[in-house]
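Each chain, letter by letter, is given below.
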Amino acid sequence: MSLLELKNISKIYGELKALDNVSINVEKGEWLAIMGPSGSGKSTMMNIIGCMDKPSLGEVLLDGVDISKESAKNLTTIRRDKIGLIFQQFHLVNYLTAVENVMVAQYYHSLPDEKEAMEALARVGLSERAKHLPSQLSGGEQQRVCVARALINHPEVVLADEPTGNLDEANENIVLDLFRQLHREGTTLIVVTHDPEVAEAAQRTIVLDHGRVAREVINENFAD
Amino acid sequence: MFFRMLRGILVRQKGKMLMIALTIALGASLATAMLNVMMDVGDKVNQELKTYGANITVYPKNASILNDIYDVEGGAQDAYLKESELGNIKTIFWAFNIVDFAPFIDTTVSLDDGGEVTLVGTWFNHHLDLPTGESLDAGVSSLRSWWDVTSGAWLDEQAMADADEAMLGSGVASRLGVKAGDVIHVKASSGEADLTVVGVYDAGGDEDDQIYAPLDTVQRLTDTDGLLSSIEVSAITTPDNELAVKAAQNPAALTIAQYETWYCTAYASSICYQIQEVITDSVASPVRQVADSEGEILEKTHLLMVLITILSLLGSALGISNLVTASVMERGAEIGLLKAIGAHDASVSGMVLTEIVITAIIGGVVGYFAGFGFAQIIGQTVFGSAIEMKAMVIPIVGVLVICVSLAGSIPAIRTLLRLRPAEVLHGR
Ligand SMILES: Nc1ncnc2c1ncn2[C@@H]1O[C@H](COP(=O)(O)OP(=O)(O)O)[C@@H](O)[C@H]1O
Ligand SMILES: [Mg+2]
C-alpha cells in the first residue's frame, strides 16, 4: 500500500477546476517534486495533501485513512501528527525566537522539549542563532528554522511549497542538502517548485498543467 | 510553552498590546471614577443637604394634632416627650443613618423692655454617651449650621460657665441693643434668669426673633424638668417609592414580606415609624420637601452616572473590538500557521483571549488608579472634599473590564475561527 494515494481528485471553484481528476501515488520514503506553471494547481494539491483543504471529488488516502471525509478538527490532528509543512514565505512566529518557533510545533503536537528543539536547530546548522528572533535572521536561516520545525515531530511526510522560491542560490543548496539528508533517513518528501533545478534533485517529478497531470518524469540521474 | 508564547506576544509586541491596554484603562478609569463618585455622592449630597436642617420632626401625640390643625407654636401645652428617651433614637434599626438630632422646649418670656419673645431651649453641641457605648455630639450647632453668627460665637455646652448663657436672634438683639457679652433679664412662667449673651445669629427667618438657650435652663424656667416639646432629627433617607407611600399611610396594611422590606429600608417613613417605637407617645413625621428633594437629587445624579459609566464602557468595548480585530487580521498568517502546525481552534482562541485578559488586567489596574484620581478631581471640584475609596468598586470594575474586553474580542475570535490556514499561508 502506498503512503499516499490521490484517487481521481478534483477541486472545483465555480467554473474553474483547480484540480481536474488527478490520481497520484506516493510511496513511503519517496522524494517527489511537483512542477507546473503558476495557477496550474500546485498549491491546491499541496493543501489537500496537507489536510488544509478537501477535494471537491475523489479520495485521498493517507496511511490508508481517507482524509477527504474527515472533519476539520480531525484534519488538524492528522496534520499535526503526520505532516511537516514548509512554505515559500517561511511563516515563522515573529515574536518567538528560532528555538521557540521549533518548540511551538512540539507544543501543539505533544510536549515542548527545548533540548530536542536545539538538536533540530543544530541539524540545520543554526545552533548559534537559536535565541534570535526571525527578524534577526536571513532568509536562508529562516527557511532552515522552518525545516527544523517541520521535522521536529518526525512526520510521515514533509510537504514544501516553493521552499526555495525566496532564497538565493547558496541557501537553495543548503536547503536541498537538508532534503537529501532527510531522504537518506527515509523521510517522504513532496516538494512543489517551478525551479527545474529543485525538481531535478527529486526522484520523480509530476508536471501539472491546468489542474491535470501533464506528464511524469523519473529522474534517471537521481543520486543519494 | 504557552507562557513563553504569551510572554513573546506581550513583551515583543508591547506596542500593540499597550494600545489595547490603554483603551481598556480609559474605560476602566471612567467606570472607576463614576462608580466611586456614585457611591460616595449619596453621602456627599446628604452632607450638603444636612445643612438645610432636620428632615424628621417628632412631637408628642396630642400636641402634634393641635400643631397640625391650628399651626400653633409654643402655646400652652399639656403633652410632652421624655428627655430620658432621647438616646433611644440612636438605637433604632437605622441608627446609623441618624446623623444628628436636637430636643426642643419653648416658652414665651417677657423682657425688661416689656416685650415678649419666644425662648427656645435646646442642645447646642450636647455630648451624649449612648447605651451602645458610642458617643455623639448632637444639637443645633450642626442642625442650624446655616446660622450666621454675627457677634460672639456659638454657645459651647462643654465650656459653659455657671452663669446661664444664651444666643440671641439678630432681631431680638437689635431691639434690645445688646451684643455678645451683655446680660439680659428674662421672666418666664416659673422663674426668671439673667442670661449672658454669648452670640448673636442671623438665621434669615422666624428664629431671628427668638432666644436660644440650653435645654435645662429653659426647663428650669418653665418647671418642665426632663420634658420636651419636640425633637428634630436629621437622617439619611432612601427616596420614597410606592411601598413607602403605602406604609406611611398605614404600616398595618402591609403583608409581612412588604413590612420587612419597608422596615429594613431607610425610607423616611420607616425611620419615623422606628422613632415612634422608641419614644413614648410620639408622632414622628418627615419634613416632606427636604426628604423628597434629597432622594430625587440623588436618584437623578445616580442615573446620570450610570449612563456615563455604561457609555464609557461601551466606547471602550468598541475600541477594544477594533484594535483586537485589527491585530488578529494582522496576525492572520501567524494564526494560520499555528493552525497548520496543529493548533486547534480552541487553543488559538484561548491564547488570544488570554492575551486580552492579561492586557485587560493591566489596563484595568492602571485604569482603576487613574479613575480613582479622576474621582478625587471630581470630588474636589464638585463637592470640595475627597471621594472615599469604596472597596466594592474593585470587584465591579474588575468584572466590567473582563466582560467588556471579552465582549469586545468576540468579532476577533469569530474572524479567527473562520481563518483557514490554506488561505493565508500561500503567497498569491
Ligand atoms: N480559494 C480559491 N477560490 C477560487 N479560486 C482559487 C482558490 N484557490 C485557488 N484558486 C484558483 O485555482 C487555480 C490553482 O491555484 P493554485 O493551486 O494556487 O496554483 P499554483 O500554486 O500552481 O500557482 C488558480 O487559477 C487559482 O486562481
Ligand atoms: Mg502556489
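Because the structure is a prediction, the values reported are computed rather than measured.

Novice: What's the story with the overall build of chain A in this structure? I'm lost.
Specialist: When helices and strands are counted, chain A shows 7 helices and 10 strands. Taking all 224 residues of chain A together, the buried fraction comes to 57%. Considering only contacts within chain A whose residues lie at least 6 apart along the sequence, 67% involve residues at least 24 apart. Surface summary for chain A: the accessible area is close to 9300 Å², and the carbon and sulfur share equals 48%.

Novice: Any chance you could explain the overall build of chain B here in plain terms?
Specialist: Looking only at helices and strands, chain B has 14 helices and 14 strands in total. Taken across its 428 residues, chain B has 50% of its residues classed as buried. Excluding contacts between residues fewer than 6 apart, the proportion of contacts in chain B whose partners are at least 24 apart in sequence is 75%. When the accessible surface of chain B is totalled, it reaches about 19700 Å², and 59% of it is carbon and sulfur.

Novice: Would you mind showing me how to read the interface of chain A and chain B here?
Specialist: In many reports, interface size means the accessible area that the parts give up when they come together. Counting from both sides, the interface comprises 31 residues of chain A and, opposite them, 28 residues of chain B. Of the roughly 2700 Å² buried at the junction of chain A and chain B (both faces included), carbon and sulfur atoms supply 60%. On the chain A side of the interface with chain B, the three residues burying the most area are A:H91, A:Y95 and A:Y108, jointly 29% of the side's total. The interface formed by chain A and chain B holds 4 salt bridges in total. Between B:R420 and A:D53 there is a salt bridge, with its nearest N and O atoms 3.1 Å apart. On inspection of chain A and its partner chain B, the count reaches 9 residue pairs in polar contact (both at pLDDT 80 or more). Elements represented by at least two residues in the side of chain A that touches chain B include exactly α1 (42-49), α2 (72-82) and α3 (98-109) of chain A. The element contributing the most residues to the side of chain A that touches chain B is α3(A), with 6 residues.

Novice: I keep staring at the environment of A:I86 and nothing clicks. Help me out?
Specialist: Residue position: A:I86 is located in strand β6 (residues 83-86). Leaving out residues up to four positions away in the same chain, A:I86 has contacts with A:M46, A:Q143, A:C146, A:V147, A:A150, A:V158, A:L159, A:A160, A:D161, A:P163 and A:F179.

Novice: What's the story with the pattern of salt bridges in this structure? I'm lost.
Specialist: Oppositely charged side chains can form a pair if their charged atoms are brought close together. Under the criterion given, the structure shown has 28 salt bridges over all chains. In this structure, A:K82 and A:D63 form a salt bridge, with 3.3 Å as the shortest nitrogen-oxygen distance. With a gap of 19 residues between them, A:K82 in helix α2 and A:D63 in the loop between β4 (57-62) and β5 (65-66) connect regions that are remote in the sequence. Residue A:D63 is classed as partly exposed on the basis of its relative accessible area of 31%. A:D177 serves as the salt-bridge partner of A:R180, at 2.8 Å between the closest nitrogen and oxygen. With a gap of 3 residues between them, A:R180 and A:D177 both fall in helix α6 (residues 169-184), about one helical turn apart. Here the salt bridges do not stand alone but share partners, grouping A:E100, A:E114, A:K131, B:R4 and B:R7 into one network.

Novice: Explain a negative patch on the surface to me, please; I cannot follow it from the model alone.
Specialist: A contiguous patch of negative charge on the surface is contributed by A:D168, A:E169, A:E197 and A:E200. Position of A:E169 relative to the elements: it lies in helix α6.

Novice: Can you help me understand a nonpolar patch on the surface in this one?
Specialist: Together, B:I361, B:V365, B:F369 and B:M389 make up an exposed nonpolar region whose accessible area comes to about 390 Å². Note that B:I361 resides in helix α12 (residues 345-383).

Novice: Can you help me understand the sheet that holds β5(A) in this one?
Specialist: Reading across from one edge, β2-β1-β4-β5 (chain A) is the order of the 4 strands in this open sheet, with antiparallel pairing throughout. Here the strands that pair on one side only, and so sit at the sheet edges, are β2 (16-26) and β5 of chain A.

Novice: Explain the packing of α3(A) against helix α1 (residues 2-12) of chain B to me, please; I cannot follow it from the model alone.
Specialist: At a closest axis distance of 10 Å, the pairing of α3(A) and α1(B) adopts a crossing angle of 135 degrees. Here α1(B) runs oblique to α3(A), going by the angle between their axes. Crossing geometry of α3(A) relative to α1(B) is assigned as left-handed. In contact with A:E100, A:M103, A:V104, A:Y107 and A:Y108 of α3(A), α1(B) contributes B:F2, B:R4, B:M5, B:R7 and B:R12. Residues of the contact of α3(A) with α1(B), tallied by class, amount to 6 nonpolar, no polar and 4 charged.

Novice: I would appreciate a short explanation of unusual backbone geometry in the present structure.
Specialist: Most peptide bonds take the trans configuration, and most residues that are not glycine carry a negative phi. Residue and element names in this part refer to chain A. Here D63, not a glycine, exhibits a phi torsion of approximately 55 degrees, which is positive. Here the phi dihedral of H154 falls at roughly 50 degrees; this positive angle occurs in a residue that is not glycine. Among the structural elements, H154 can be located in the loop between α5 (139-151) and β7 (157-161).

Novice: Explain the confidence of the model for chain B here, please?
Specialist: Per-residue pLDDT for chain B averages 83, and the proportion of residues at 70 or more is 91%. Our summary of model confidence lists the complex with pTM equal to 0.64 and ipTM equal to 0.91.

Novice: Got a minute to help me understand the packing of aromatic side chains in this structure?
Specialist: Any two aromatic rings considered together are summarised by their centre-to-centre distance and by the angle between their planes. All names here are of chain B. Taken as a whole, this structure holds 17 aromatic pairs over all chains when the rule is applied. Aromatic side chains W147 and W154 sit 5.4 Å apart centroid to centroid with 5 degrees between the ring planes, which places their arrangement in the stacked category. Given a relative accessible area of 27%, W154 falls into the partly exposed group.

Novice: What should I look at first to understand the packing of α3(A) against helix α4 (residues 114-123) of chain A in this one?
Specialist: Residues and elements named next belong to chain A. Packing of α3 against α4 brings their axes to within 9 Å, and their N-to-C directions diverge by 120 degrees. Here α3 runs over α4; the crossing is right-handed. Contacts between α3 and α4 pair A98, V99, V102, M103 and Q106 from the former with E114, E116, A117, M118 and L121 from the latter. Its residues assigned to classes, the contact of α3 with α4 shows 7 nonpolar, 1 polar and 2 charged.

Novice: I tried to follow the sheet that holds β7(A) on my own but got confused; where do I start?
Specialist: Within a beta sheet, neighbouring strands are joined by backbone hydrogen bonds and run either parallel or antiparallel to one another. Residue and element names in this part refer to chain A. With respect to topology, 6 strands assemble into an open sheet ordered β6-β7-β8-β3-β9-β10, the strand pairing being mixed. Looking at which strands have only one partner, the edges of the open sheet turn out to be β6 and β10 (212-218). For this sheet, the mean inter-axis angle between neighbouring strands, taken without regard to orientation, is 15 degrees. Relative to β10, strand β9 (residues 204-209) runs antiparallel, the two sharing 6 bridges. By the bridge assignment for β10, T205 is matched with V217. Together, β6 and β7 form the strand contacts of α2, whose direction differs from that of β6 by roughly 85 degrees.

Novice: I'm lost on the side chain of B:S321 in this one. Help?
Specialist: Along the chain, the position of B:S321 falls in helix α10 (residues 288-330). Residue B:S321 is classed as buried on the basis of its relative accessible area, which comes to 14%.

Novice: Teacher, can you tell me more about the nonpolar core here?
Specialist: The nonpolar side chains of a soluble globular protein tend to be buried, and buried together. Counting residues in hydrophobic clusters, the biggest one holds 121 residues, and the most contacted among them are A:M45, A:L121, A:F179 and A:I190. A per-element tally of this core places helix α2 (residues 14-50) of chain B first, with 11 residues. If we ignore the near neighbours within four places in the chain, the residues touching A:L121 are A:A98, A:V99, A:V102, A:L126, A:S127, A:A130, A:V145 and A:A148. Judged by nonpolar contacts, the second largest core, of 46 residues, contains B:I56, B:V58, B:L130 and B:L136.

Definitions and limits used
Residues numbered from 1 in each chain as written. Chains lettered and ligands numbered in written order. Predicted model: local features only at pLDDT ≥ 70, side-chain atom pairs only at ≥ 80, totals over all residues. Heavy atoms only, no water. Helix = DSSP H or I, 4+ residues; strand = E, 2+ residues; numbered from the N terminus. Buried < 20%, exposed > 50% of the residue type's maximum accessible area, 1.4 Å probe, protein only. Contact = heavy atoms within 4.5 Å. Areas by Shrake-Rupley, 256 points an atom, 1.4 Å probe, with all protein chains shown as cover. Buried area = accessible area lost by both parts, 1.4 Å probe. Salt bridge = Lys/Arg side-chain N within 4 Å of Asp/Glu carboxyl O. Polar contact = N/O pair within 3.5 Å; in protein donor to acceptor, adjacent residues only side chain to side chain. Patch = residues over 30% accessible without salt bridge, like charges linked within 9 Å, V, L, I, M, F, W, Y side chains within 5 Å. Lys, Arg positive; Asp, Glu negative; His and termini not counted. Charge placed at Lys NZ, Arg CZ, Asp CG, Glu CD. Pairing = 2+ DSSP bridges. Axes fitted to C-alpha atoms, helices over the stretch in contact; angles between N-to-C directions. Parallel < 35°, antiparallel > 145°, perpendicular 65-115°, else oblique. Left-handed = near helix turned anticlockwise from the far one by under 90°. Nonpolar A, V, L, I, M, F, W, Y, C, P; charged D, E, K, R; others polar. pLDDT = per-residue confidence, 0-100. Phe/Tyr/Trp six-rings, centres within 6.5 Å; stacked < 30°, edge-to-face > 60°. Core = buried A, V, L, I, M, F, W, Y, C linked by side-chain atoms within 4.5 Å.

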